[in-house]
Amino acid sequence: MHSSHLLLEEPIRMASILEPSKASFFPAMTKIVGTLGPKSRSVEVISGCLKAGMSVARFDFSWGDPEYHQETLENLKAAVKNTKKLCAVMLDTVGPELQVINKSEKSISLQADALVVLTPNQEKEASSEVLPINFYGLSKAVKPGDTIFIGQYLFTGSETTSVWLEVSEVKGDDVVCVIKNSATLAGSLFTLHASQIRIDLPTLSDEDKEVISTWGVQNKIDFLSLSYTRHAEDVRRARDYLSKLGDLYQTQIFAKIENVEGLTHFDEILQEADGIILSRGNLGIDLPPEKVFLFQKAALYKCNVVGKPAVVTRVVDSMTGNLRPTRAEATDVANAVLDGSDAILLGAETLRGLYPVETISTVGKICAEAEKVFNQDMYFKKTVKFVGEPMTHLESIASSAVRAAIKVKASVIICFTSSGRAARLIAKYRPTMPVLSVVIPRLKTNQLRWSFSGAFEARQSLIVRGLFPMLADPRHPAESTNATNESVLKVALDHGKVSGVIKSRDRVVVCQKVGDASVVKIIELED
Ligand SMILES: Nc1ncnc2c1ncn2[C@@H]1O[C@H](COP(=O)(O)OP(=O)(O)O)[C@@H](O)[C@H]1O
Ligand SMILES: C=C(OP(=O)(O)O)C(=O)O
Ligand SMILES: [K+]
Ligand SMILES: [Mg+2]
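A brief look at the structure comes next. Keep in mind that this is a model prediction, so the values were computed, not measured.

With that settled, consider the coordination of the magnesium ion (ligand 4). Four donors placed tetrahedrally around a metal ideally meet at 109.5 degrees, and six donors placed octahedrally ideally meet at 90 or 180 degrees. Protein-derived ligands of the magnesium ion (ligand 4) are Glu258 (OE) and Asn282 (OD1), with the metal-ligand distances lying across 2.0 to 2.1 Å. Of the two residues, Glu258 is situated in the loop between β14 (252-257) and α6 (260-264) and Asn282 in helix α8 (residues 280-286); the sequence distance between them amounts to 24 residues. Using a relative accessible area of 3% as the deciding quantity, one classes Glu258 as buried.

As a structural note, the neighbourhood of ligand 1 is formed by 16 residues, with Phe416, Thr417, Ser419, Arg421 and Arg442 the closest of them. With respect to ligand 1, the side chain of Thr417 contributes an N or O atom lying 2.6 Å from an oxygen atom. Residue Cys511 places a main-chain N or O atom 3.0 Å away from an oxygen atom belonging to ligand 1. Protein contacts shield 92% of the accessible area of ligand 1, which totals 530 Å² for the unbound molecule. Breaking the shell around ligand 1 down by element, the ones donating at least two residues are β18 (412-417), α15 (421-428) and β23 (507-514). Per-element tally for the shell around ligand 1: the top contributor is β23, with three residues.

So, on to the coordination of the potassium ion (ligand 3). Within the protein, Asp60 (OD), Ser62 (OG), Asp92 (OD) and Thr93 (O) serve as the donor atoms for the potassium ion (ligand 3), at 2.6 to 2.7 Å. Coordination of the potassium ion (ligand 3) draws on donor residues from a single chain, spaced D-x1-S-x29-D-T in sequence. You can see Asp60 sitting in strand β2 (residues 54-60) and its partner Thr93 sitting in the loop between β3 (88-92) and β4 (98-101), a full 33 residues away along the chain. One exposure class covers both Asp60 and Thr93, and it is buried.

About the criteria used
- Residue positions are given per chain, counting from 1 as you read along its sequence in written order.
- Here the convention is simple: chains get letters from A, ligands get numbers from 1, in the order in which they are written.
- A pLDDT threshold of at least 70 governs which residues receive local features in this predicted model, and a stricter bar of 80 or more applies before side-chain atom pairs are shown or counted, although totals over entire chains, interfaces and linings include all residues.
- Values reported for side chains reflect all heavy atoms of the structure, with hydrogen atoms and water molecules removed beforehand.
- Water is not part of the atom set, so a site may look incomplete; the donors themselves are N, O and S atoms within 2.8 Å of the metal, or 3.2 Å for Na, K and Ca.
- Secondary structure is summarised from DSSP: a helix means a run of H or I of at least four residues, a strand means a run of E of at least two, and numbering begins at the N terminus for each.
- Partly exposed describes any residue whose relative accessible area lies between the buried limit of under 20% and the exposed limit of over 50%, with all areas from a 1.4 Å probe on protein chains only and scaled to the type maximum.
- Think of it this way: one heavy atom of a residue within 4 Å of a molecule or strand is enough to make that residue near it.
- A 3.5 Å cut-off defines polar contacts: any pair of N or O atoms within that distance qualifies, except that in protein one atom must be a possible hydrogen donor and the other a possible acceptor, and neighbouring residues in sequence count only when both atoms are side-chain atoms.
- For the area figures, the Shrake-Rupley method with a 1.4 Å probe applies, and any residue is considered shielded solely by the protein chains shown.

Rendered as structure tokens:
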């Protein structure tokens, strides 16, 4: 599909920009995580989202109870069955999120230059003069001059539906603030963000643990999105907690970097986490605007070279209410792909937006165009250089497979894998063609019962750029004998043909083990 590879570093014929792209069996190599909520919970809409390219569904426990999310998840399962599109499940925690509680749900209008008091006394009614919050420690965390933002999900801090405050005085448990912009807050709950402040609350709250150990276990969540990760220790604690919850020892942890504290500890967090979410919603207001891009580029580079998936959030806010993104948003999506992101996470756009399916489809199309001009060659060299020598055998096999696939213009790389490691390593070198990861189930036991591994590994590749999983029949023995290799390969090729990614006379690169040796082979299909 990417035969006409353009490079931004070379002059592009302007008219070629307008040439329509060929349709392909998947919208883009970059993955889309969609948050499911009020506007995206029917089987019909979720089916539309899956067909448009959503491959991970995020359930955000900052709002909605477990029953509500369970209903949505049951609909997701039905949609997966209908559309035959796989989808992974991500549980997003509340964490130390501060909230303003507006029990009466009456809208609150705030006037620039007036004062408003933030109080932990939740008995008080929210009004233009006082806003009750869910946290007792704010007055100890802030000082006069500090910045606080309050708003609904998509706040930037200065539009008319969210407010920017400056702390003027601390009085006991209360915090008195000057209002910087006139705004009207509507709804029952608003997020409060205190800029560059350390909030003394655990990253995994007791409520989060309760939800993970019930809803999470019941639904075998593939990913835990760990909100407000601030230290590597946060990830270690979450890992320790998951390890005691049956199947969830296999759940991957994606650390959400949402504030300067997380940014400061980025390197150590990356070492512990399975992936990173660049939570630009919060981080974007914690950082000075002129620094946001630099964090994005630096963080994506660090994730890419160690081969850990990186997810970028808040890309097309305006599509929450409109069918077209702004010019800046459209460019931003493409830049996220060029900077190296694996996936784009949609929040309000799919959760409560008017056009969830159209948003996914638009974002997918932008990603696909950016992938066409992604400088794979430069990226490959940079990654090889970072890895250094001597390489591990598997790393060398993976990079060679990508090199070979590009040289022979293969339409796809097929990678056999059990743990998912080999497929992830191939994806790390960002091949220009899709990687079909054929996950071979392994029989395993936990001393109580026997089961097959593979389902987690297959679904977890749904967040990695370029990886498309296929779970092999568990009746195939996991030993890589010639006969089993051949029969599984045939199934994979047939799967590729049916889905349209492989055509007759195509070249295909296969990565598998023959006996004890890992091999890369190139096959040429017949008519
Ligand atoms: N069941 C299998 N049959 C054939 N080759 C396999 C199988 N599982 C993994 N491989 C190959 O073995 C090598 C190691 O891959 P990896 O994903 O790390 O496997 P494992 O999870 O079994 O350690 C790679 O070359 C991969 O393609
Ligand atoms: C995705 C984000 O966080 P939340 O869970 O609040 O949506 C973000 O801050 O970008
Ligand atoms: K959350
Ligand atoms: Mg956030």
